[in-house]
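The chain contents come next:
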Amino acid sequence: MGRDDFFGRFGGQFVPETVIPALEELDILRRRVLATTAFRREYVALLSTWAGRPTPILDARRLADSWGGRCRILLKREDLNHTGAHKVLNALGQGLLAQSAKKHRIVCETGAGQHGVATASVCALLDLSCTVYMGALDIQRQAPNVVRMRTLGAEVIPVESGSKTLKDATNEAIRDWVTNVRTTHYLIGSVVGPHPYPLLVRTFASRIGREALRQVRRLVGRLPHAVIACVGGGSNAIGIMHPFIRERAVDLIAVEAGGRSRRLGSHAASLTAGRPGVLHGAYSYLLQDDCGQVAATHSVSAGLDYPGVGPELSELHEQGRLQVTSVRDNEAIDAFYECTRCEGILPALECAHALAFARREARTRPRGTILLINLSGRGDKDVTTVASLTTKPAKKRNH
Amino acid sequence: MSASSQTVEQAIRLRLESGGKALVPFLTAGFPSAACFVDALRQTAESGCDVVEVGIPFSDPLADGPVVQHASQRCLDAGMTIRRALDLIHLAHVPIPVVIMSYLNPLLAFGCLRLTVDARAVGVRGFIVPDLPWTPQRRQRAACARQQIFRPSEISEQLRIAGFEVILLAAPTTPADRLRRIGGQTCGFLYAVSMTGVTGTRNRAPFETVKFLHRARAATRRPVLAGFGINSVSSATLIAAQSDGVIIGSALLEALQAGPRASAVARLGRFLTNVRNALLQGEGV
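Caption draft 1: Layout of the overall build of chain B. The helix and strand inventory of chain B stands at 13 helices and nine strands. Principal-axis analysis of the C-alpha atoms gives chain B an extent of 55 × 40 × 35 Å. Of all 285 residues assigned to chain B, the portion counted as buried reaches 57%.

Structure below.
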């Protein structure tokens, strides 16, 4: 039986014994249910009628022009998903899975609130009870999403411990799950956590890439030269990249949050600046100090503000298949404005990082290069953050 | 040099043979202060504890409730590290076996080889790693050998080879066959997590705990000690009647939390002595 809980040396199940049986159960369920026609039929039907998939690809001409006019910029419009981000793919998949496992309570963590909103919506649709843990700091900076979740009937619990962001919300969600493991499904929001979560979430998220591959082929008659996505935990990145991994000619570029500076604690670039360690059940690249204590992180975007990264991305990084880079807060905000003004699309601050790096690439790559960018979510939730940052008189430039 | 000449299992067996139940306190290294921690460590031995568990603070303690979380954070803010914790254990020089309780990541960062050398030097006898559950060793090793890589799960094997007692945890959710295999692999004792949940929360299903402890004792030849949710003399006697002893953590940290050093340690001593006496008298209940 070819089972392995690891991607190379990364991954595993480093969690308290109490939830190990639940993970085994989930793994069995994943193998048994996901492949069945009944599950697929229901999933696909809801994706098309409820979530509005497939999402289109936009040939962003104005943006390409303003970036020098040499490259072709293709945007995978994940912002058009129901609830406003690609997160709904995973939330719906896991929600249906939890339903078939007869677990009627869902617990999840959220950073930017996008995963929380997607989960709350799925729970409303499937009549499941929903508890969302969210860092107190994130509650402040993503207030509209908190209102949305509560309106959808979810209980949003502020997390006051540690850095009051995604990492601590995940701790609390796991503690809740450990306590109520018999009745509760933990609906993790990214390709992180103990096996089989990274695999499970990737299975759902990679629909983005499968659609994109088909659409790009149809639109331009060839594969893109590079696929660019932002990385926090990594679900939107692995989601769009997974079908391209075996296409060796396609560059895969992960853009991490460079935050304010390169000092530990002022950014969230785990692959760039971290080293392997164990957090939230998996062995993967991790921002930590010399004593193995998990470091504080900073990013203007709540969804990237996380010290870890998915184990599969760590493995791709070590194999050299994945190029890793980072973009600072102010660069991401510039890209946010450019995309807004040129294309009439408010991108989430998360994927504004990918756009910012694409802009650099567009100026250096040869004429005719095709860049595929995952526009992973919409930026309505970020307008207050961006406004409060850009009205400050002295706007510092990136060095 | 070793402070205690006994292994963890020997110390517990000795207590069981004399008709009592084992009492194992948990203290977070450096809490509430380095000096107070050393006094508290000595106090545990004086109050008749059989083994003492020293927690290495970690930034993200997944299996712990608010009391241990808060204590850990306070110690980290004061600069506590594994190296300093070992120094404090050395300084305390307690006559009972010391077990280190640490999450995996600080151990990995410290380095396995250095850990075995430094921990042995101060007389540490065993390790408990709450986020390193038992895995079938054969499967693990085969995969690692094939790919020639190190995986963090190997650390427990390396500690065992170095002569430490690696204490494994079992939970009420652990199925029978897995429980038997954990029971066969654990050293020192079997740490029975008495309920689903984190440390320091109230046990809402004592009957389930009793059933689980019966299962656990049938599954291993090692002593079975129960932890999580034991915070008073009455809960300790209740649980000890169904097991070979109890582990108490959060309640002790709460006792240490307030007041000047001498009175905090005295409060800890009184609490432990009360539990100790109850576990001696309560035998056979």
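Caption draft 2: Main features of helix 3 (residues 66-77) of chain B. Residues and elements named next belong to chain B. Compared with an ideal rise of 1.5 Å per residue, which puts twelve residues at 16 Å, helix 3 spans 16 Å between its outermost C-alpha atoms and is within 8% of the ideal. For helix 3, the full list of buried residues reads Val67, Val68, Gln69, Ala71, Ser72 and Cys75. Lining the buried residues of helix 3 we find strand 1 (22-28), strand 2 (52-55) and helix 12 (250-257). Of the residues flanking the end of helix 3, it is Gly79, one or two places downstream, whose phi is positive at about 90°.

Caption draft 3: Structural context of the confidence of the model for chain B. Residue and element names in this part refer to chain B. When pLDDT is averaged along chain B, the result is 92; 93% of the residues meet or exceed 70. Per-residue pLDDT, averaged within each element of chain B, yields its smallest value for helix 7 (residues 137-147) (65) and its largest for strand 2 (98). Scoring the predicted complex yields pTM 0.93 and, for the interface, ipTM 0.94.

Caption draft 4: Region of the structure containing unusual backbone geometry. Cis rather than trans, the peptide bond between Arg53 of chain A and Pro54 of chain A has omega equal to 0°. Residues Phe31 of chain B and Pro32 of chain B are joined by a peptide bond in cis, for which omega reads -5°. Positionally, Pro32 of chain B belongs in the loop between strand 1 and helix 2 (34-46). Even without glycine at this site, Asp127 of chain A takes up a positive phi of about 60°. Residue placement: Asp127 of chain A occurs in the loop between helix 5 (114-126) and strand 6 (129-135). Its identity as a non-glycine residue notwithstanding, Lys164 of chain A has a phi of 60°, on the positive side. Structurally, Lys164 of chain A can be placed in the loop between strand 7 (155-159) and helix 8 (166-179). Among the residues examined, Lys164 of chain A registers 18 C-beta atoms within 10 Å and is labelled partly exposed.

Caption draft 5: A look at the sheet that holds strand 7 of chain A. Residue and element names in this part refer to chain A. On the basis of which strands lie adjacent, the open sheet formed by four strands has the order 7-6-5-8 and parallel pairing. Sheet topology places strand 7 and strand 8 (184-186) at the edges, where each strand pairs with a single neighbour. Strand after strand, the sheet turns through a mean of 25° between neighbouring axes, direction not considered. Against the sheet, helix 5 engages strand 5 (105-110) and strand 6, with an angle of about 170° to strand 6.

Caption draft 6: Expanded view of the interface of chain B and chain A. On the chain A side, the residues contacting the 35 residues of chain B number 33 residues. The residue inventory of the side of chain B that touches chain A, partitioned by class, reads 22 nonpolar, ten polar and three charged.

Caption draft 7: View of the pairing of strand 9 (residues 245-248) of chain B. Residues and elements named next belong to chain B. Where burial is concerned, the two faces of strand 9 agree: the one with Gly245 and Ile247 and the one with Val246 and Ile248 are both buried. In this structure, strand 8 (residues 224-227) lies alongside strand 9, joined through two bridges in parallel fashion. Bridge pairing links Leu225 to Gly245 in strand 9. Crossover strand 8 to strand 9 through helix 11 (residues 233-240) is right-handed.

Caption draft 8: Region of interest: the sheet that holds strand 2 (residues 10-14) of chain A. Residue and element names in this part refer to chain A. The four strands are arranged 1-2-12-11 in an open sheet whose pairing can be described as antiparallel. Each edge of the open sheet carries a strand with a single partner, namely strand 1 (6-7) and strand 11 (275-279). Bridge count for strand 2 against strand 12 (residues 281-286) is two bridges, and the pairing is antiparallel. Each bridged residue has a counterpart across the sheet, and for Gly11 the counterpart in strand 12 is Tyr283. Set on the sheet, helix 13 (residues 311-319) makes contact with strand 1, strand 2 and strand 12; between it and strand 12 the angle comes to about 40°.

Caption draft 9: Here's a closer look at the pairing of strand 11 of chain A. Residues and elements named next belong to chain A. The sheet contact formed by strand 11 and strand 12 spans five bridges and is antiparallel. Bridge assignment links Val278 to a residue of strand 12, and that residue is Tyr283. Between the end of strand 11 and the start of strand 12, which pair antiparallel, lie one residue, with His280 showing a positive phi angle near 50°.

Caption draft 10: Focus on the domain arrangement of chain A. All names here are of chain A. The domains assigned to chain A are domain 1 (13-48 + 87-201) and domain 2 (54-84 + 206-390). The distance between the C-alpha centroids of domain 1 and domain 2 comes to 23 Å. Residue classes in the side of domain 1 that touches domain 2 are distributed as 15 nonpolar, 13 polar and three charged.

Caption draft 11: Expanded view of the nonpolar core. Counting residues in each nonpolar core, the largest one holds 231 residues, and the members touching the most others are Ile73, Val227, Ile228, Ala229, Leu371 and Ile373 of chain A together with Ala192 of chain B. Of all the elements, helix 15 (residues 349-364) of chain A adds the most residues to this core, at nine residues. Of the residues that make up this core, three or more belong to each of domain 1 (13-48 + 87-201) and domain 2 (54-84 + 206-390) of chain A. Beyond its immediate stretch of four places on either side in the chain, Ala229 of chain A contacts Asn236, Ala237, Ile240, Met241, Ala254, Val255, Ala354, Asn374 and Ser376 of chain A.

Caption draft 12: Quick look at the confidence of the model for chain A. This prediction gives chain A a mean pLDDT of 94; 97% of its residues lie at or above 70. Note on residues 393-399 of chain A: pLDDT is under 50 here. Beyond four places in sequence and across chains, it has six contacts.

Caption draft 13: Representation of the packing of helix 14 (residues 329-343) of chain A against helix 15 of chain A. All names here are of chain A. One can describe the packing of helix 14 onto helix 15 by two numbers: an axis separation of 7 Å at closest approach and a directional angle of 90°. When the interaxial angle is binned, helix 14 and helix 15 end up roughly perpendicular. Seen from helix 14, the contacting residues are Glu331, Ala332, Asp334, Ala335, Phe336 and Cys339; seen from helix 15, they are Leu349, Ala352, His353, Leu355, Ala356 and Arg359. Partitioned by chemical class, the residues of the contact of helix 14 with helix 15 number eight nonpolar, one polar and three charged.

Caption draft 14: How the structure looks around the environment of Ile106 of chain A. Within the element layout of this structure, Ile106 of chain A appears in strand 5. Not counting residues up to four positions away in its chain, the partners in contact with Ile106 of chain A are Gly95, Ala98, Thr119, Cys123, Leu128, Ser129, Cys130, His185 and Leu187 of chain A.

Caption draft 15: Structural context of the environment of Leu213 of chain B. Residues and elements named next belong to chain B. Among the structural elements, Leu213 can be located in helix 10 (residues 206-219). A count of 22 C-beta atoms within 10 Å places Leu213 in the buried class. Separated by 93 residues in sequence, Leu213 and Arg120 place their C-alpha atoms 32 Å apart. Discounting chain neighbours no more than four positions away, the residues touching Leu213 are Ala192, Val224, Ala226, Gln242 and Ser243.

What counts and what doesn't
- Residues numbered from 1 in each chain as written.
- Chains lettered and ligands numbered in written order.
- Predicted model: local features only at pLDDT ≥ 70, side-chain atom pairs only at ≥ 80, totals over all residues.
- Helix = DSSP H or I, 4+ residues; strand = E, 2+ residues; numbered from the N terminus.
- Buried ≥ 20, exposed ≤ 12 C-beta atoms within 10 Å, placed from the backbone.
- Expected span 1.5 Å × (residues − 1).
- Contact = placed C-beta atoms within 7 Å.
- pLDDT = per-residue confidence, 0-100.
- Pairing = 2+ DSSP bridges.
- Axes fitted to C-alpha atoms, helices over the stretch in contact; angles between N-to-C directions.
- Nonpolar A, V, L, I, M, F, W, Y, C, P; charged D, E, K, R; others polar.
- Right-handed = clockwise from strand over helix to strand, strands pointing away.
- Domains from an automatic or database assignment.
- Core = buried A, V, L, I, M, F, W, Y, C linked by C-beta atoms within 7 Å.
- Parallel < 35°, antiparallel > 145°, perpendicular 65-115°, else oblique.

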